[in-house]
Amino acid sequence: MFIIIDNYDSFTANLVHAFAELKLPYFDKAKVIQNDDPKLLALATNKDLKAVCLSSGFNRPGNTGFCKQFLSSLPNNIPVLGIGLGHHILADFSGATLIPQIMHGRQVFVSHDGESLFRGISPKMVAGLYTSFKINSDNNPEFECIASSEKFPCLALAYKKRPWFGIQFNPESVLTPQGGRILKNFAEFSLQIQNNKTPYLLNEQKNNLETTELKERSVPVPINEILEQLARGQNLAEDTAYQVFSRLMDGELSNTQAATLLLALRMKGETPSELFQAMNCVLDRSVEIPHKDKIIKETVIDIVGTGGDGHSSFNCSTGTALILAGMGHKVLKHGNRSVSSRCGSADVLEVLGIPLNLPPEDIYPRLQKDKFVFLFAPLFHPTFKNVMPIRRELGIRTMFNILGPLVNPARPPYYMIGVPNPELLPLLAGALSLDGHSQGAVICGCGSYDELTPIGPAQVIFVEGSKMQAQVLDPKAYGFKPCTHEDLKVTDPEQAAQVLKELLQGKGPKAMQDMLAFNVGLALHILNRSKAITVCMQEAKDAVKSSVGKKFISNNTK
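Residues numbered from 1 in each chain as written. Predicted model: local features only at pLDDT ≥ 70, side-chain atom pairs only at ≥ 80, totals over all residues. Heavy atoms only, no water.

1. A short note on the sheet that holds strand E3 (residues 51-54)
Read from one edge to the other, the open sheet built from eight strands follows the order E2-E1-E3-E4-E10-E9-E8-E6, with strand pairing classed as mixed. Of all the strands in the sheet, just strand E2 (31-34) and strand E6 (111-112) have a single pairing partner and so form its edges. As judged from the two bridges shared by E6 and strand E8 (residues 143-148), these two strands associate in the antiparallel manner. Along E8, the bridge assignment pairs His112 with Ala147. Strand contacts of helix H1 (residues 12-20): strand E1 (2-6), E2, E3 and strand E4 (80-83), with the helix running at about 165° to E1, the strand carrying the most contacts. (Pairing = 2+ DSSP bridges. Helix = DSSP H or I, 4+ residues; strand = E, 2+ residues; numbered from the N terminus. Contact = heavy atoms within 4.5 Å. Axes fitted to C-alpha atoms, helices over the stretch in contact; angles between N-to-C directions.)

Next up, the structure:
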């Protein structure tokens with residue numbers, strides 16, 4: 001039996017549904033009982049009781065019915081998860097005090113220990129808070145804090161001598177994209193304890209003893225089993241995906257195994273969850289950028305495409321980024337040299353004289369000064385060296401074409417990502433939405449370009465946190481005349497750089513000017529969704545004509 005003690009909270013029904021979706025024994029049929037129901041006390045010693053959840057609510061721990069008496073009667077081996085007010089109840093039970101700290105319906109960045117409740121959870125996790133208090137946990141002998149945020153030093157707790165956990169945030173909320181995984185971790189942990197597979201250990205014992213679960217996780221899933229699973233068209237579980245991508249990035253797979261993995265994923269069809277785990281794996285190994293916490297809070301955007309559309313068009317995403325910077329918007333562009341096209345962003349920027357090798361400590365000051373910084377991917381992802389030769393030899397689109405736009409090591413909060421195939425739209429948008437805190441758009445231009453083009457209507461999926469919305473953008477609606485593929489082509493980096501210089505001076509072919517303005521307009525709309533897109537498009541046209549990029553280029557190439 002699994003019970004949820006309802007602290008008279010409107011989210012309790014959502015919590016019941018979230019546990020039911022796990023489809024795990026006991027947790028799929030939660031028994032809900034209110035905190036002041038006299039029957040609650042008898043349940044504490046019921047032999048069928050497997051686990052308990054204390055719901056959130058809007059009260060103090062002292063005004064939660066029989067909760068304290070229930071916990072006093074509960075056997076030490078029964079797992080408990082406290083959420084929100086339930087978190088406060090567990091803290092209060094140990095003698096901790098509460099301090100007023102109001103934050104309702106807000107997302108926060110969460111730092112955590114990566115264990116127990118947070119096993120398999122991204123270190124870039126965000127969560128939704130609905131609270132009026134925070135816990136004063138200084139030197140509490142009963143529990144340890146296992147997660148925190150900027151204003152909440154004890155965002156999650158774990159008792160040392162009992163399998164009791166508390167989390168301040170609401171995992172069932174849409175503001176906590178990875179909340180379902182936290183509930184699953186608790187449920188699986190509870191079942192293992194009740195089946196005597198995982199004895200609960202004191203935190204201070206963890207350095208000396210290993211639980212069955214830890215032993216199992218220390219043994220990697222054999223690569224042949226993973227490849228067989230993919231060959232059968234089966235998706236990878238989150239843990240397995242993160243594990244195999246870690247081995248790939250760390251060079252533990254042979255070239256044959258690595259190439260087979262990438263091909264098998266493409267043939268099966270990558271899922272947003274697999275891509276998200278690959279993203280986390282790469283970011284966990286990226287070079288740390290100072291002041292990243294400040295960048296996350298500012299209005300900073302990355303304009304990037306996956307490449308691989310095969311059209312050899314001019315570097316529109318690079319031009320878009322420079323025009324935006326010329327308008328005063330901050331752009332942190334993450335990119336590389338060409339792999340599957342004639343000219344990558346790094347190739348053309350190098351010809352223009354823009355530095356590709358800024359040290360990490362210079363990035364934030366340079367961004368404040370010039371509004372544009374280019375992050376050359378190989379410098380910030382040293383483990384890419386284990387993948388790039390394989391990707392070059394394959395010469396076709398792999399997960400790493402798709403992954404590149406998602407792994408900007410500076411983690412700007414806004415993105416405009418282009419893909420050359422409309423089938424990739426929900427894949428990248430889905431992975432971006434799992435991140436939970438990003439805003440942006442994933443686009444596919446008419447004619448299978450990874451940028452908007454005047455050729456015809458483009459498909460777009462807007463992402464705001466965990467929400468996604470599809471839309472079609474027709475260039476005719478904004479006054480852009482149709483063009484052909486030939487109107488947008490360049491032959492080499494030198495011509496690409498020359499064309500880009502002309503466009504940044506308000507000159508160049510009309511079709512390319514229109515394409516540039518079309519993309520700048522969408523970027524402006526991403527940065528300010530409350531501004532009508534028609535207004536953004538007009539501002540973009542004016543910016544392209546007024547050569548704001550020329551001034552920027554001249555300032556950066558002296």
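2. Structural notes on the pairing of strand E15 (residues 439-444)
Taken across its six residues, E15 has five buried, putting it largely inside the fold. Note that strand E14 (residues 414-418) and E15 share five bridges and pair parallel. Paired with Tyr415 across the strands is Gly440, a residue of E15. Strand direction decides the pairing type here: E15 and strand E16 (residues 458-464), joined by six bridges, are antiparallel. Note on E16: the bridge partner recorded for Val442 is Ile461. (Buried < 20%, exposed > 50% of the residue type's maximum accessible area, 1.4 Å probe, protein only.)

3. A word on the environment of Gly180
Note that Gly180 resides in helix H5 (residues 179-194). With 159 residues separating them in the primary sequence, Gly180 and Glu21 have C-alpha atoms 8.8 Å apart. Sequence-distant contacts of Gly180, defined by excluding residues within four places in its chain, comprise Leu22 and Pro171.

4. Topic: the packing of aromatic side chains
How two aromatic rings sit relative to each other is given by the distance of their centres and the angle of their planes. As enumerated under the stated definition, the model contains 14 aromatic pairs in all. One aromatic cluster is present, built from ring pairs that chain together Phe2, Phe19, Phe27 and Phe186. For Lys541, the ring lying beneath its charged end belongs to Phe480, and the centroid distance is 4.8 Å. (Phe/Tyr/Trp six-rings, centres within 6.5 Å; stacked < 30°, edge-to-face > 60°. Lys NZ or Arg CZ within 6 Å of the ring centre and 35° of its normal.)

5. Considering the environment of Lys47
Within the secondary structure, Lys47 is located in the loop between helix H2 (40-43) and E3. Accessibility expressed as a relative area gives 76% for Lys47, which makes it exposed. Note: C-alpha distance between Lys47 and Thr383 (336 residues apart in sequence) is 52 Å.

6. Some thoughts on the pattern of salt bridges
The full count for this structure, using the stated rule, is 18 salt bridges. A salt bridge links Glu238 to Arg181; the nearest nitrogen and oxygen atoms lie 2.6 Å apart. Taken as a pair, Glu238 in helix H8 (residues 238-249) and Arg181 in helix H5 lie far apart in primary sequence, 57 residues in all. Assessed through its relative accessible area of 11%, Arg181 is described here as buried. Between Asp370 and Arg366 there is a salt bridge whose closest N-O contact spans 2.4 Å. Here Asp370 pairs with Arg366, and both are found in helix H14 (residues 360-370), just four residues apart, close to one helical turn. Accessibility expressed as a relative area gives 9% for Asp370, which makes it buried. The exposure class assigned to Arg366 is partly exposed, which follows from its relative accessible area of 22%. Among the ionic contacts, a cluster of salt bridges with common partners joins Arg119, Arg181, Lys184, Glu188, Glu238 and Asp239. (Salt bridge = Lys/Arg side-chain N within 4 Å of Asp/Glu carboxyl O.)

7. Focus on helix H19 (residues 493-504)
Helix length check: H19, at 12 residues, gives a terminal C-alpha distance of 16 Å against a target of 16 Å (1.5 Å per residue), a fit within 8%. Buried residues of H19: Ala496, Ala497, Val499, Leu500, Leu503 and Leu504, and no others. One face of H19 carries all of its buried residues, which in axial projection span an arc of 165°. Immediately beyond the C-terminal end of H19, within one or two residues, lies Gly506, with a positive phi of roughly 80°. (Expected span 1.5 Å × (residues − 1). Arc of directions from axis to C-beta.)

8. Describing the UniProt feature "binding site: Mg(2+) 2" (unreviewed entry) in the protein chain
Sites flagged by UniProt as "binding site: Mg(2+) 2" (unreviewed entry) map to Asp450 and Glu451. Among the secondary structure elements, Asp450 is positioned in the loop between E15 and E16. Overall, the relative accessible area of 8% leaves Asp450 in the buried class. Under the relative-accessibility criterion, Glu451 is labelled buried at 7%. If near-sequence neighbours (up to four positions away) are discounted, Glu451 is found in contact with Ser313, Phe314, Cys316, Ser317, Ile443, Gly445, Met515 and Asn519. At 3.0 Å, the side chain of Glu451 forms a polar contact with the backbone nitrogen of Ser317. (UniProt positions renumbered as here; feature names shortened; annotations may be inferred. Polar contact = N/O pair within 3.5 Å; in protein donor to acceptor, adjacent residues only side chain to side chain.)

9. Some remarks on the packing of helix H12 (residues 316-326) against helix H20 (residues 510-527)
Contact geometry of H12 with H20 gives a least axis separation of 9 Å together with a crossing angle of 60°. One finds that H12 runs oblique with respect to H20. The chirality of how H12 crosses H20 is right-handed. Contact with H12, carried on its side by Cys316, Gly319, Thr320, Ile323 and Leu324, involves Met515, Leu516, Asn519, Val520, Ala523 and Leu524 of H20 and no other residues of that element. Partitioned by chemical class, the residues of the contact of H12 with H20 number eight nonpolar, three polar and no charged. (Parallel < 35°, antiparallel > 145°, perpendicular 65-115°, else oblique. Left-handed = near helix turned anticlockwise from the far one by under 90°. Nonpolar A, V, L, I, M, F, W, Y, C, P; charged D, E, K, R; others polar.)

10. Considerations on the sheet that holds strand E13 (residues 372-376)
Read from one edge of the open sheet, seven strands run E13-E12-E11-E14-E15-E16-E17, paired in mixed fashion. Edge positions in the open sheet fall to E13 and strand E17 (467-473), since each of these has one partner strand only. Strand after strand, the sheet turns through a mean of 20° between neighbouring axes, direction not considered. Here strand E11 (residues 300-305) runs beside strand E12 (residues 330-335); their pairing, made up of two bridges, is parallel. Residue pairing in the sheet places Val300 in a bridge with Lys330 of E12. Its contacts with the sheet put H12 on E11, E12 and E13, and the angle it makes with E12 is roughly 160°. Together, E11, E14, E15, E16 and E17 form the strand contacts of H20, whose direction differs from that of E14 by roughly 145°.

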